[in-house]
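Survey of secondary and tertiary structure
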Amino acid sequence: LTNIRDLFRDKEMYLDKEISVGGWVRSVRGSKTFGFIVVNDGTFFEPLQVVYGDHLENFAEISKLNVGAAIIVTGKLVATPDAKQPFEIQADKVEIEGASAPDYPLQKKRHSFEYLRTISHLRPRTNTFEAVFRVRSLIAYAIHKFFQERDFVYVHTPLITGSDCEGAGEMFQVTTMDLNNVPKTDDGSVDFTQDFFGKPTNLTVSGQLNGETYAMAFKNIYTFGPTFRAENSNTTRHAAEFWMIEPEIAFADLKDDMVLAESMLKYVIRYVLEHAPEEMEFFNKFVDKGLLDRLNHVLNSDFGHVTYTEAIEILEKNNDKFDYKVFWGADLQTEHERYLTEEIFKRPVFVTDYPKEIKAFYMKLNEDGKTVAAMDCLVPGIGEIIGGSQREDDYDKLLERMKELGLKAEDYDFYLDLRKYGSARHAGFGLGFERCVMYLTGMGNIRDVIPFPRTVNNCEL
Ligand code: 4AD
Ligand code: MG
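Here's a quick rundown of the structure. (Residues numbered from 1 in each chain as written. Chains lettered and ligands numbered in written order. Predicted model: local features only at pLDDT ≥ 70, side-chain atom pairs only at ≥ 80, totals over all residues. Heavy atoms only, no water.)

Details of the overall build of the protein
Here is the rule: Secondary structure elements are taken from DSSP: a helix is a run of H or I of four residues or more, a strand is a run of E of two residues or more, and numbering for both begins at the N terminus. We call two residues in contact when some of their heavy atoms are within 4.5 Å. Computed with a 1.4 Å probe, the accessible areas rest on the Shrake-Rupley method; for each residue, only the protein chains presented here act as cover. In this count, Lys and Arg are taken as positive residues and Asp and Glu as negative ones, while His and the chain termini are left out. For charged residues, the charge sits on one atom: NZ in Lys, CZ in Arg, CG in Asp, CD in Glu.
A count of helical and extended segments in the protein gives 14 helices and 16 strands. Here the C-alpha coordinates of the protein stretch approximately 85 × 60 × 45 Å along the principal axes. Within the protein, residue pairs in contact and separated by at least 24 positions form 66% of the contacts whose partners lie at least 6 positions apart. When the accessible surface of the protein is summed, it comes to about 22,300 Å², and 50% of that surface belongs to carbon and sulfur atoms. The centroid of the 53 positive side-chain charges in the protein is displaced by 5 Å from the centroid of its 73 negative side-chain charges.

Focus: a nonpolar patch on the surface
Stated precisely, the cut-off is as follows: Like-charged residues within 9 Å of one another, or nonpolar side chains (Val, Leu, Ile, Met, Phe, Trp, Tyr) within 5 Å, are grouped into patches, provided each residue has over 30% relative accessible area and no salt bridge. Here a salt bridge means any side-chain nitrogen of Lys or Arg lying within 4 Å of a carboxyl oxygen belonging to Asp or Glu. Relative accessible area decides the class of each residue, using a 1.4 Å probe on protein chains only: under 20% of the type maximum gives buried, over 50% gives exposed, and in between gives partly exposed.
Together, Leu-159, Ile-160, Phe-196 and Phe-197 make up a nonpolar patch on the protein surface, roughly 390 Å² of accessible area in all. Mapped onto the elements, Phe-197 comes out in the loop between strand 8 (173-174) and strand 9 (201-203). Using a relative accessible area of 43% as the deciding quantity, one classes Phe-197 as partly exposed.

Overview of the sheet that holds strand 9
For clarity, the cut-off: What makes two strands pair is DSSP finding at least two bridges between them.
The strand order across the open sheet built from three strands is 7-9-8, with neighbouring strands paired in antiparallel fashion. Each edge of the sheet is formed by a strand with only one pairing partner; in this case those strands are strand 7 (160-161) and strand 8. As defined by bridge partners, strand 7 adjoins strand 9 across two bridges and the pair is classed as antiparallel. For Ile-160, the partnering residue across the bridge sits in strand 9 and is Leu-203.

A short note on the environment of Phe-218
Tracing the backbone through its elements, the reader meets Phe-218 in helix 6 (residues 208-218). On the accessibility criterion, Phe-218 (42% relative accessible area) is partly exposed. In the structure, Phe-218 is positioned 241 residues away from Cys-459 in sequence and 38 Å away in space, judged by C-alpha atoms.

Observations concerning the packing of helix 5 (residues 127-149) against helix 14 (residues 433-441)
Convention followed: The axes used here are C-alpha line fits, helices contributing only the stretch in contact, and every angle between their N-to-C directions lies in the interval 0 to 180 degrees. Handedness of a crossing follows from how the near helix is turned relative to the far one, being left-handed for an anticlockwise turn of less than a right angle and right-handed for a clockwise one. Charged residues are taken to be Asp, Glu, Lys and Arg, nonpolar residues to be Ala, Val, Leu, Ile, Met, Phe, Trp, Tyr, Cys and Pro, and polar residues to be all remaining types, Gly included.
Axis separation between helix 5 and helix 14 bottoms out at 10 Å; the angle between their running directions is 115°. When you trace helix 5 past helix 14, the crossing you get is right-handed. Of the residues in helix 14, those in contact with Val-135, Arg-136, Ile-139, Ala-140 and Ile-143 of helix 5 are Phe-433, Glu-434, Cys-436, Val-437, Leu-440 and Thr-441. The residue inventory of the contact of helix 5 with helix 14, partitioned by class, reads eight nonpolar, one polar and two charged.

Some thoughts on the packing of aromatic side chains
Quick reminder of the rule: Think of it this way: a Phe, Tyr or Trp ring, Trp meaning its six-membered ring, pairs with another when their centres are within 6.5 Å, and the plane angle makes it stacked under 30 degrees, edge-to-face over 60, tilted otherwise. Working rule: Lys NZ or Arg CZ, within 6 Å of ring centre, within 35 degrees of ring normal, means a charge sits over the ring.
In the structure shown here, the tally under the stated rule is 26 aromatic pairs. Residues Phe-146 and Phe-147 carry aromatic rings whose centres are separated by 5.0 Å and whose planes lie at 85° to one another, so their mutual orientation is edge-to-face. The exposure class of Phe-146 is buried, given its relative accessible area of 0%. Taken together, Phe-146, Phe-147, Phe-152, Tyr-154, Tyr-222 and Tyr-267 form an aromatic cluster joined through their ring pairs. Here Lys-370 stacks its cationic end above the ring of Trp-328, 5.5 Å away from the centre of that ring. Across the ring face of Tyr-415, the terminal group of Arg-419 is positioned such that the distance to the ring centre comes to 4.0 Å.

Here we look at the sheet that holds strand 3 (residues 48-53)
If you walk around this closed barrel you meet the five strands as 1-2-3-5-4, and the pairing is mixed. Adjacent strand axes in the sheet meet at a mean angle of 55° when their direction is disregarded. Pairing analysis gives 10 bridges linking strand 4 (residues 70-79) to strand 5 (residues 87-98), with the strands arranged antiparallel. Residue pairing for strand 5: Ile-71 is matched across the bridge by Ile-96.

Side note on the nonpolar core
Worth spelling out the cut-off: What is meant by a nonpolar core is a set of buried Ala, Val, Leu, Ile, Met, Phe, Trp, Tyr and Cys residues, joined one to another through side-chain atoms within 4.5 Å.
Residues Ile-139, Ile-143, Phe-147, Met-264, Ile-386, Leu-431 and Tyr-439 are the most contacted members of the largest nonpolar core, which totals 69 residues. The dominant element in this core, judged by the number of residues it contributes, is helix 5, at 12 residues. Ile-143 has contacts with Phe-224, Ile-245, Val-268, Leu-431 and Phe-433, leaving out every residue within four places of it along the chain. Judged by nonpolar contacts, the second largest core, of 31 residues, contains Leu-209, Val-306, Ala-374 and Leu-416.

Overview of the site of ligand 1
Defined as follows: Whether a residue is near a molecule or strand depends on its heavy atoms: if one lies within 4 Å, it is near. Any pair of nitrogen or oxygen atoms within 3.5 Å is treated as a polar contact; in protein, a donor-acceptor pairing is required on top of that, and neighbouring residues in sequence qualify only through side-chain atoms on both sides.
Near ligand 1, the surroundings consist of 25 residues, among which Glu-166, Gln-208, Glu-231, Glu-246 and Glu-384 are the closest. Between ligand 1 and the protein, one listed contact pairs an oxygen atom with a backbone N or O atom of Ile-385 at 2.8 Å. Expressed as a share of its isolated accessible area of 630 Å², the protein-covered part of ligand 1 is 94%. Of all elements in the fold, only strand 11 (241-250), strand 15 (383-390) and strand 16 (426-432) reach the threshold of two or more residues within the shell around ligand 1. Looking at the shell around ligand 1, the element that brings in the most residues is strand 15, giving five residues. Partitioned by chemical class, the residues of the shell around ligand 1 number nine nonpolar, eight polar and eight charged.

Side note on the side chain of Arg-435
Mapped onto the elements of the fold, Arg-435 is located in helix 14. As a buried residue without a salt bridge, Arg-435 has its nearest oppositely charged side chain in Glu-384, at a separation of 4.8 Å. At 3.0 Å, the side chain of Arg-435 forms a polar contact with the backbone oxygen of Arg-237. In contact with Arg-435, not counting residues within four places along its chain, are Arg-237, His-238, Ile-382, Glu-384 and Ile-385.

Don't take any of this as a statement about function, it's just geometry.
Structure follows, in C-alpha cells:
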C-alpha cells in the first residue's frame, strides 16, 4: 500500500501509475453510474479522492458505503489540473475491508473540539487531531535527537516513588491496601508496613531527584517520561498525567541551564517546521493565525531575561489589569506570566531568582539569602512552559533548608550523599511536553494535545 503522504510529497513519481491505498472513508457521493469517495489513510491530513464507476462488480455495495468504512482502493493516479485537489485515483478495484455503521459519529461537517473530546478513540481520524498527534510524535523524536546528538544519557527514572520532589503534596498515592479495611497501628494511624512496599508510595511528580544521581555519574542526562500531579486546577494547561523532559547537567550553573533550554526549544521548533511543513501550515490557517510568524520570530531572536524582582516591578505598575494583584513574594499566576511574555517581551522570556518561599527545597540559595537560582521560561499563549534551577550543592545548606521545610533527612539520604561524595555544581529543568506541543501547534487546550487526557473528573478510556 502506498501512503497518501508520499503521493502528495512525490506526486511526479506516482502520476499515471497503478497504486493501492488503504484507508478510511471520509465521504461518499454517488450517482447511478459513478461516484466519488474521499479516503484518508492517516499518513497525511489531505485526503485522497477516489472515482469509481459502474464497471466495478461491487458498484452497488460501494455506493452504499458509510463514512468511516475501511477500504483498499487500487487504480491509476491521474492529475486533475482543474480541480481543488491535485490528483485523484481512478478505481479499478475497491475492496471493502470493514464496513462502518450508519451512526458513525464523525460525519462530514465541522465538529467542535468539545464534542470530539467525548470520542477520543475516534478523533484522531479528523484533520486537526491527525495533525496534532503526528506533530506530537515528531516533537518527541526531535527532543530525543537534540539530547542524543549532544551525548546526553537518557535515564529511565521510576514512576512509583516514596518522595515528593516538588514538595507541593500533589501526589496520587499508590497502594494495594483495601481502602475499606486499612490496617492500623496501635495508635490508630495507617500501618504502611503492611502495604506492598512497606511504606507510603506515590506516582512521581518529577524524575528530577533520581535524574540528579545519574548526572553525578554521566555528567549530562535527561529523562523523558510520564509524571503525575493531583493538582485540583481545572485549567486548559493542567493535566493529571503529563510527560516531562528533565535534563540535568553537571559542572553547570543557571546560565548554562538557560542556554540549554533556549537551544532545545529552538531546535525543536526548527525540526518541526522542517519536517511537518504541511501540518504547520494547517495549524497556521485553521487553529492559530499568528503561529508561523511567532515561531519564526522566536528562531530569529534571543529569549528575554528578567529577574523575578524586576518582573514584579513591571507587573505592579499594571496591577489594575489583573485579577490577582502581584507583590514581591507572590507566586506568578498565568495572567502575569502571559502579560510579561506577550505584552512586555513579545517573545519567550526567562524569569530568574524567585523568592525561596515559593520554590522547591532543592534550589540553590542566592547570596542575598532570600532568592534562589531558579528560572521559569514563559512563552506567549501559555505562560510557564519550563521550570528549572541550579541545585543546592552544599551539604549543610541543603540539610538546613530541608529542616526548615520539615523534610525528613532519612528519606533523602541518597540525595544528600550526592553532596557528600564529589558534589559538583549542577542544574536542570523540566519541560512540560504537552505545553510544548500546545506552543508549537497553537492548540489552546491541553486536553486536545493528549491522546487520552486525564484531568479532574475525567479518566475516560
Ligand atoms: O515547574 P515544575 O513543577 O518543575 C519540576 O517538576 C522540576 N522538578 C523540573 C526540573 O527542574 N527538573 O514542572 C516543570 C514543567 C512546567 O514548567 C510545566 O510546563 C509542566 O512541567 N507542568 C505541567 N504540565 C501539564 N500539567 C500539569 N499539571 C503540569 N505541572 C507542571
Ligand atoms: Mg514550575
